[in-house]
Every structure is written in C-alpha cells, then in structure tokens.
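Structure assessment
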Amino acid sequence: MADKALIVIDVQNDFCPGGALAVDGGDEIVPLVNHLISSHDHVVLTQDWHPAGHASFASQHPGREPFETIEVDYGPQTLWPDHCVQGSKGAEFHPDLEWTRAELVIRKGFRPEIDSYSAFFENDHTTPTGLGGYLNERGIAEVVLAGLATDYCVGFSALDAVKCGFKVSVVMPACRAIDLNGSLAAMTDTMRAAGVHLL
Ligand code: VGL
Ligand code: ZN
C-alpha cells in the first residue's frame, strides 16, 4: 500500500490568539494535531515565512487596510497585517506543538513579491514549493491535512494536492478558519466539489 503523510499547516504563534493574524480558537487545535502527529508514520509541517516588507502586508500599500483585496500580477491578493516574519516569535510554531517527529518543514511565502497560501504552489499557481515532488519521490500517494487556516492555507493546499493527484482528506476539527466574507463556507464547498474528503 502506498504511504500516507500528515501535513500540518502553519500552526504558528501569529495565527493563534495574541498573534498578529490571530485565528479564532487557533490554539485549540494543538492537542488534536499532536494526536494526529503521533498517529501518522510520516509528518510534514509548513511554516508561513515572510521577509519583512512582504508584498502581502497591507503596511506595504499606502492607503490600504488589512483584509482588503487588491489586484496584483497573479490575480486578487488579500492584504494581511504583518505576520510570520522570518525569525520572529510570531513565525515560530505554537510552543505546545509536538513537531519533533516532522520529517520535513516546508517554508512558504519567502519570495518578497508573491504570497503562498498553498503548501504546493505559490499564489501565482505555477511556482512550485517542491512538496509535490518530495512526496512523489517518497512514494506517498495520500495526504491528510490539519492546521490553520481552513479557508486559506489548508484549503488551497488541499485543492492543489488534488490537482497533483494525491488522495486528500482534511481533518476539519483540527482546523480553524479566518472566515472573511463567507470564505469558510465557500472553501468548504470548493473542497468538497474537488473531491477532498472532509473528516
Ligand atoms: C495564511 C493568510 C496569510 C494561512 C497565511 O496560514 O492561512 N493566511 N498567510
Ligand atoms: Zn502569510
């Protein structure tokens, strides 16, 4: 049987209460995520990892506020508060996350001009992170996703995983959403329609 990997998306301080882009209840998932980590043979973590002054930060766009959407070369881009700056406390994993068994940490969003929600491709939908190749080369055909946020990084990772040919499930109780203008319901529908198994 082909192997299966758990992919833990962005369980970082800035996405937890008190963080720069706090997701409601973001820290509540940590015990369940830890349980998933201990029950999977292969574990991959992602880490949102932006240089200071990243193009997705509203602070770089005079007159714009966080959570507004603008048009950039690759399409619409939501602007965020400064978050997950490389090397900052906010970019570290939640202190209770049991990450030591992770076989790979994939960092994303490090190119100054492109955001990257998905663990597989940046927001231009063409620049690969390398994760698809890594999993293929290791004979992993199935991925299970958990983490933050359901409607952005988890959702786009799940959709790209389907496009890359993986069997994909999302453990919904081990995720929390940002939920901007109905984005959680929209992403849930899109994931279901794409063939993602929502657990
Ligand atoms: C995320 C917005 C900006 C996420 C990352 O992890 O869902 N969302 N950067
Ligand atoms: Zn980000």
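For the structure, see preceding data.
Figured I'd write up the structure that's included with this text. (Residues numbered from 1 in each chain as written. Chains lettered and ligands numbered in written order. Predicted model: local features only at pLDDT ≥ 70, side-chain atom pairs only at ≥ 80, totals over all residues. Heavy atoms only, no water.)

Regarding the packing of helix 3 (residues 150–163) against helix 4 (residues 183–194)
- Relative orientation of the contacting elements helix 3 and helix 4 amounts to 15°, with a least axis distance of 10 Å. Compared by their axis directions, helix 3 and helix 4 come out roughly parallel. Here the hand of the crossing between helix 3 and helix 4 comes out left-handed. Between helix 3, through Thr150, Asp151, Tyr152, Gly155, Phe156, Ala158, Leu159 and Val162, and helix 4, the contact on the second element is made entirely by Ser183, Leu184, Met187, Thr190, Met191 and Ala194.
- Per-class residue counts for the contact of helix 3 with helix 4 are 9 nonpolar, 4 polar and 1 charged. (Axes fitted to C-alpha atoms, helices over the stretch in contact; angles between N-to-C directions. Helix = DSSP H or I, 4+ residues; strand = E, 2+ residues; numbered from the N terminus. Parallel < 35°, antiparallel > 145°, perpendicular 65-115°, else oblique. Left-handed = near helix turned anticlockwise from the far one by under 90°. Contact = heavy atoms within 4.5 Å. Nonpolar A, V, L, I, M, F, W, Y, C, P; charged D, E, K, R; others polar.)

Notes on the nonpolar core
- If you look at the biggest cluster of nonpolar residues, it comprises 53 residues, and the most contacted ones within it are Ile7, Leu135 and Leu145.
- Broken down by secondary-structure element, the contributors of at least two residues to this core are strand 1 (3–9), helix 1 (30–38), strand 2 (42–48), helix 2 (131–137), strand 6 (140–148), helix 3, strand 7 (167–176) and helix 4.
- Not counting chain neighbours up to four residues away, the residues in contact with Ile7 comprise Val44, Thr46, Phe120, Leu131, Leu135, Val143, Val144, Leu145 and Ala146. (Core = buried A, V, L, I, M, F, W, Y, C linked by side-chain atoms within 4.5 Å. Buried < 20%, exposed > 50% of the residue type's maximum accessible area, 1.4 Å probe, protein only.)

A look at the coordination of the zinc ion (ligand 2)
- The protein atoms that coordinate the zinc ion (ligand 2) are Asp48 (OD), His50 (NE2) and His83 (NE2), at distances of 2.0 to 2.2 Å.
- Classification of the site at the zinc ion (ligand 2) as irregular follows from its 4 donor atoms and the range of 90 to 167° in their angles at the metal.
- In primary-sequence terms, the residues that donate to the zinc ion (ligand 2) follow D-x1-H-x32-H. Of the two residues, His50 sits in the loop between strand 2 and strand 3 (69–72) while His83 sits in the loop between strand 4 (75–78) and strand 5 (104–108), which places them 33 residues apart along the sequence. We note that His50, like His83, is buried. (Donors = N, O, S within 2.8 Å, 3.2 Å for Na, K, Ca; no water. Tetrahedral: all angles 85-135°; square planar, octahedral: opposite > 155°, others 65-115°.)

A word on the packing of aromatic side chains
- Inspection of the entire model under this criterion finds 6 aromatic pairs.
- Judged by centre distance (6.3 Å) and plane angle (80°), the ring pair of Trp80 and Tyr117 falls under edge-to-face. Within this pair, whereas Trp80 is found in the loop between strand 4 and strand 5, its partner Tyr117 is found in the loop between strand 5 and helix 2, the two being separated by 37 residues in sequence.
- Note on Tyr117: relative accessible area 10%, which makes it buried.
- Summarising the aromatic geometry, the rings of Phe120 and Phe166 are spaced 5.9 Å apart at their centres and angled 35° between planes, so their arrangement reads as tilted. Taken together, the residues span a long stretch of sequence, with Phe120 in the loop between strand 5 and helix 2 and Phe166 in the loop between helix 3 and strand 7 at a distance of 46 residues.
- A network of ring pairs unites the aromatic residues Phe67, Trp80, Tyr117, Tyr152 and Phe156 as a single cluster. (Phe/Tyr/Trp six-rings, centres within 6.5 Å; stacked < 30°, edge-to-face > 60°.)

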